[in-house]
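Each chain is listed here by its residues.
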Amino acid sequence: MRLLISGGRILDPQRGVDGEGDLLVDGDRIGEGTRADRVIDARGLLVVPGLIDLHTHLREPGFEYKEDLVSGTHAAARGGFTTVVAMANTSPVSDCRATVEWVIGAARARAVVNVLPVGAVSKGQKGEELAEIGDMAAAGAVAFSDDGKPVTNGELMRCALQYAAMWGRPVITHCEDRQLAGEGVMHLGYWSTVLGLRGIPAAAEAAMVARDIMLAELTGGRLHLAHLSTARSVELVREAKARGLAVTAEVTPHHLLLTDEAVATSGFDTDTKVNPPLRTPADVAALLEGLRDGTIDAIATDHAPHHQDDKDVEYNYAASGISGLETALALVLDRLVGQGLLELGQAVRALTAGPARVLGLDRGTLAPGAPADVTVIDPSREWTVEPALFASRGRNTPFKGWKLRGQAVLTLVGGRIVHEAIA
Ligand SMILES: [Zn+2]
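Quantities reported herein were computed from a predicted structural model and do not represent experimental measurements.

Draft legend 1. Up close: the packing of aromatic side chains. Counted under the stated rule, the structure contains 3 aromatic pairs. Seen from their ring centres, tyrosine 190 and tryptophan 191 are 5.0 Å apart, and the 85 degrees between their planes marks the pair as edge-to-face. Each ring, one from phenylalanine 268 and one from tyrosine 315, has its centre 6.4 Å from the other, and the planes form 75 degrees; the classification is edge-to-face. Taken together, the positions of phenylalanine 268 in the loop between α10 (261–265) and α11 (281–292) and tyrosine 315 in the loop between α12 (308–311) and α13 (328–337) put the pair 47 residues apart, joining distant regions of the chain. For phenylalanine 268, a relative accessible area of 37% gives the class partly exposed.

Structure, rendered in structure tokens:
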């Protein structure tokens, strides 16, 4: 694998260039007569398109004590991500042109990876009145979502799909029937009964997935389902795709690797509290099968950094979420590919070309002409997850102490090195 980079783009390696800032990432050997300002020896390493995270909570503006554009995008770069899709549940909520433009401007000034803003579906994410979808799309919002809060009102969801479709943008949905979920804090099943914690039934997700698929069919809109967690949801998406509907889906590393039993084995560690909750082994198996057969398009982190104070409370009161940008790649490589549950090509696609396709981005590829977003991975580097060493301000991870193999050692965004740890 040889990559020649110039002017922030990937060039055809057959054509020599000598522009300023040329960079050659060479996985084999340096060709005769090739001139570059810098040559990176990537022999024995994996050179892949920069990873794209469809689901990141950067927390800025408003919750900088949890994360900001600098800490969040440094965490992304370390994790091998060159593009993150920033969710709108900030304060203020990103629900109008001014906030979307602010995020784009602030990211340009301070972020080290590409930040693509999501606009809210409803004003203030209150689920009552549609936000200014067209205005935000024109300002650069790549998708619309009230993530963090489900869109309970079906008519509002219908309008959102219709308006977003006029701009060729998907609506990203956090599928959860709020009434069914009730006061639940983990999956409703054996372990919630044993532990005496209130449970969220799998149907709370699947029922909403079914509704949103029907609304996508009704409107012809594009629907992207965030963080699927149940077997039934996967079946519904498989059927929707078979019928040719514009439906895509993502899954998180934690829903692929942990089950609700982790709440018990961790001794009520609040870092196992996520929304949707960790489910059963049968759900995990169905999610993996969905990823393998293409029903699920992408692995997304749902990076949800929290302050220690948000987590250092009783399980019932703890905030939901995992700081995921710095562990996602290694978890996938070590625990899925390494265990033979996923092929390397499938894993890389789910982190690059898959998410690019969901949003129609010209990224997730190393083809000549593409932006030089590149991640170089050392597949054999062993490391231990130590949250205290995270670039992210959020140290909330149930994977603390896990020994993993595989790490991003070089991350390039537009040809610029934003993370480097080559041995
Ligand atoms: Zn969500």
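Picking up where we left off.
Draft legend 2. Representation of the sheet that holds strand β17 (residues 403–413) within the structure. With respect to topology, 4 strands assemble into an open sheet ordered β5-β16-β17-β18, the strand pairing being antiparallel. Two strands lie at the open edges of the sheet, namely β5 (46–49) and β18 (416–420), each paired on one side alone. Neighbouring strand axes in the sheet, compared pairwise and without regard to direction, differ in orientation by 35 degrees on average. Bridge count for strand β16 (residues 374–384) against β17 is 8 bridges, and the pairing is antiparallel. Looking across to β17, one finds that threonine 375 is bridged to threonine 411. Most of the contacts of α13 go to β17, to which it runs at about 135 degrees, and overall it touches β16 and β17.

Draft legend 3. Examining the nonpolar core more closely. The biggest cluster of nonpolar side chains holds 74 residues, and the ones touching the most others in it are Leu225, Val247 and Ile299. For this core, the element with the most residues is helix α7 (residues 202–219), which contributes 7 residues. Sequence-distant contacts of valine 247, that is, excluding residues within four places in its chain, are made with Ile213, Ala216, Leu223, Leu225, Val237, Ala240 and Lys241. Listed in part, the 14 residues of the second largest apolar core include Ile5, Ile10, Ala42 and Leu410.

Draft legend 4. Structural view of the coordination of the zinc ion. Coordination of the zinc ion by the protein is provided by Asp147 (OD), His174 (ND1) and His227 (NE2), with metal-donor distances spanning 2.0 to 2.2 Å. On the accessibility criterion, aspartate 147 (3% relative accessible area) is buried. Overall, the relative accessible area of 1% leaves histidine 227 in the buried class.

Draft legend 5. Focus on the domain arrangement of the chain. Taken as a whole, the chain is organised into domain 1 (1–43) and domain 2 (46–359). Placing a centre on the C-alpha atoms of domain 1 and another on those of domain 2 gives a separation of 36 Å.

Draft legend 6. How the structure looks around helix α8 (residues 231–242). Taking 1.5 Å of rise per residue, 12 residues should cover 16 Å, and α8 covers 17 Å from first to last C-alpha, within 8% of that figure. Taken together, the buried positions of α8 are occupied by Ser233, Val234, Leu236, Val237 and Ala240. The buried side chains of α8 occupy one side of the element, clustering within an arc of 160 degrees when seen end-on. Where α8 is buried, its residues contact α7, β13 (223–225), β14 (247–251) and α11.

Reading guide: rules and limits
Residues numbered from 1 in each chain as written. Predicted model: local features only at pLDDT ≥ 70, side-chain atom pairs only at ≥ 80, totals over all residues. Heavy atoms only, no water. Phe/Tyr/Trp six-rings, centres within 6.5 Å; stacked < 30°, edge-to-face > 60°. Helix = DSSP H or I, 4+ residues; strand = E, 2+ residues; numbered from the N terminus. Buried < 20%, exposed > 50% of the residue type's maximum accessible area, 1.4 Å probe, protein only. Pairing = 2+ DSSP bridges. Axes fitted to C-alpha atoms, helices over the stretch in contact; angles between N-to-C directions. Contact = heavy atoms within 4.5 Å. Core = buried A, V, L, I, M, F, W, Y, C linked by side-chain atoms within 4.5 Å. Donors = N, O, S within 2.8 Å, 3.2 Å for Na, K, Ca; no water. Domains from an automatic or database assignment. Expected span 1.5 Å × (residues − 1). Arc of directions from axis to C-beta.

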